[in-house]
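Listed here are the chains, written in short residue letters.
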Amino acid sequence: MSFHTWTYDPVMNEWTYCFVDSDGAEWQLNLIPWYESMSGPWDASLEYGEKHIPLRFSRSYTDYDIDQLKEDALRRVMALFPNVEFPLKELSSHIMTQYIADEAHFKEVIARVANVKKHLWIGTADIKDLYVGERPFLGVLADLISKGREIRLIHAKEPGPNFREDFDRYPVLFTGLERVLCPRVHFKIIIFDLKTAYIGSANLTGAGLGMKSTRNRNFEAGILTDDPDLVEAAINQFDSVWAGFKCKSCGRKQYCSDPVI
């Protein structure tokens, strides 16, 4: 078994990539064609022992797209196993831009938060008591702050009582969470380590970014991207509000209860 390299089985027409996680478990990333079609499409999955985890993508791949599938699948695995050092030789300069709709906001955006290495910037208009499973999202932020991560939060509205109650459960948030209130903020931006950005419609609420029932949650849309131009544009807009560059000429100062400057 070869590790950290793609191997091809010409008999089964399958691609395999093997790696070891931080606990020493040996995983396989498998790319398997649907045999009913000569030109694909292809499925991707992760396997460890009896575990079989299908990987879902926003597009389908044919035989002509196999190199792109190999790269996209490997990038997904790198995101799922942030503590594993993958050789970059398998990756090109391909830019990831993914359309995010509805419940994918929780799976593709919120799921990334816990893996932030240095910086997490969140911009939202509304803010409520979002939960990750049975745990308040604020608990995830508290863990990151305890590990030395920098977290910045810009919001337009004062949070409700449930949010405040959850906030009070984590004393590290009082000193570690950097916060700015700006009533004019209507953008929804989440920036991960200054390298990847979510730009879309979803507020930091259970109905927007949480895992509510498909019958109850909001219809949301956005993009998740590591395109340097888009990420830089998001950083610049966030920074302009954060640093108070918009405050001097603001025409709504009378509605601002906690001015940046």
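**Student:** Go over the overall build of the protein chain with me, naming the residues and quoting the values.
**Tutor:** Counting secondary structure elements, the protein chain contains 7 helices and 14 strands. Overall size of the protein chain, expressed as C-alpha extent along the three principal axes, is 70 × 40 × 35 Å. Counting only residues that meet the buried cut, the protein chain has 44% of its 261 residues in that class. Distance from the positive charge centre (30 side chains) to the negative charge centre (37 side chains) of the protein chain: 9 Å.

**Student:** Which residues make up the side chain of Glu-220, and what are the values?
**Tutor:** When you line up the elements, Glu-220 lands in the loop between helix 6 (206-209) and strand 14 (221-225). Among buried charged residues, Glu-220 stands out as having no salt bridge; its nearest opposite-charge side chain is Arg-217, 5.9 Å away. Here the side chain of Glu-220 touches Asn-218 through a polar contact of 3.2 Å, side chain to side chain. For Glu-220, the contacting residues outside a window of four places in its chain are Ile-100, Ala-101, Asp-102, His-105, Ser-201, Ala-202, Ala-207 and Gly-208.

**Student:** An account of the sheet that holds strand 4 (residues 42-48) is needed here, citing residue identities and associated values.
**Tutor:** Taking strand neighbours across the sheet as the criterion, the 5 strands line up as 1-2-3-4-5 in an open arrangement whose pairing is antiparallel. Looking at the sheet topology across the chains shown, the edges are occupied by strand 1 (6-9) and strand 5 (51-55). The mean inter-strand angle of the sheet, taken between neighbouring strand axes irrespective of direction, is 25°. Helix-sheet contacts for helix 1 (residues 66-80) involve strand 1, strand 2 (14-20), strand 3 (26-33), strand 4 and strand 5, and the interaxial angle to strand 3 is about 150°.

**Student:** Run through the pattern of salt bridges, naming residues and quoting values.
**Tutor:** Going through the model one piece at a time under the given rule, you end up with 9 salt bridges. Across the pair Glu-150 and Arg-152 runs a salt bridge whose closest N-O atoms are separated by 3.7 Å. We note that Glu-150, like Arg-152, is buried. The partner of Glu-158 in a salt bridge is Arg-164, and the shortest N-O contact between them spans 3.3 Å. The class for Glu-158 is partly exposed, based on a relative accessible area of 45%. Through salt bridges that share partners, Glu-150, Arg-152 and Asp-239 make up one connected network.

**Student:** An account of the environment of Leu-204 is needed here, citing residue identities and associated values.
**Tutor:** The topology assignment puts Leu-204 in the loop between strand 13 (196-200) and helix 6. Among the residues examined, Leu-204 registers a relative accessible area of 4% and is labelled buried. When the C-alpha positions of Leu-204 and Ile-127 are compared, they lie 5.0 Å apart, and in sequence the two are 77 residues distant. Every residue in contact with Leu-204, bar those within four places of it in the chain, is listed here: Ile-122, Thr-124, Asp-126, Ile-127, Lys-128, Leu-130, Phe-137, Leu-153 and Leu-209.

**Student:** So what's going on with the packing of aromatic side chains? Which residues, and what values?
**Tutor:** Enumeration according to the criterion identifies 11 aromatic pairs in this entry. Aromatic side chains Tyr-8 and Trp-15 sit 4.8 Å apart centroid to centroid with 40° between the ring planes, which places their arrangement in the tilted category. Judged by its relative accessible area of 39%, Tyr-8 falls in the partly exposed class. Relative to Phe-81, the ring of Phe-19 has its centre 5.1 Å away and its plane inclined at 70°; by these criteria the two rings are edge-to-face. Of the two residues, Phe-19 sits in strand 2 while Phe-81 sits in the loop between helix 1 and strand 6 (97-101), which places them 62 residues apart along the sequence. The same class applies to Phe-19 as to Phe-81, namely buried. One aromatic cluster is present, built from ring pairs that chain together Trp-6, Tyr-17, Phe-19, Trp-27, Tyr-48, Phe-81 and Phe-86.

Rules and cut-offs
- Residues numbered from 1 in each chain as written.
- Predicted model: local features only at pLDDT ≥ 70, side-chain atom pairs only at ≥ 80, totals over all residues.
- Heavy atoms only, no water.
- Helix = DSSP H or I, 4+ residues; strand = E, 2+ residues; numbered from the N terminus.
- Buried < 20%, exposed > 50% of the residue type's maximum accessible area, 1.4 Å probe, protein only.
- Lys, Arg positive; Asp, Glu negative; His and termini not counted.
- Charge placed at Lys NZ, Arg CZ, Asp CG, Glu CD.
- Salt bridge = Lys/Arg side-chain N within 4 Å of Asp/Glu carboxyl O.
- Polar contact = N/O pair within 3.5 Å; in protein donor to acceptor, adjacent residues only side chain to side chain.
- Contact = heavy atoms within 4.5 Å.
- Pairing = 2+ DSSP bridges.
- Axes fitted to C-alpha atoms, helices over the stretch in contact; angles between N-to-C directions.
- Phe/Tyr/Trp six-rings, centres within 6.5 Å; stacked < 30°, edge-to-face > 60°.

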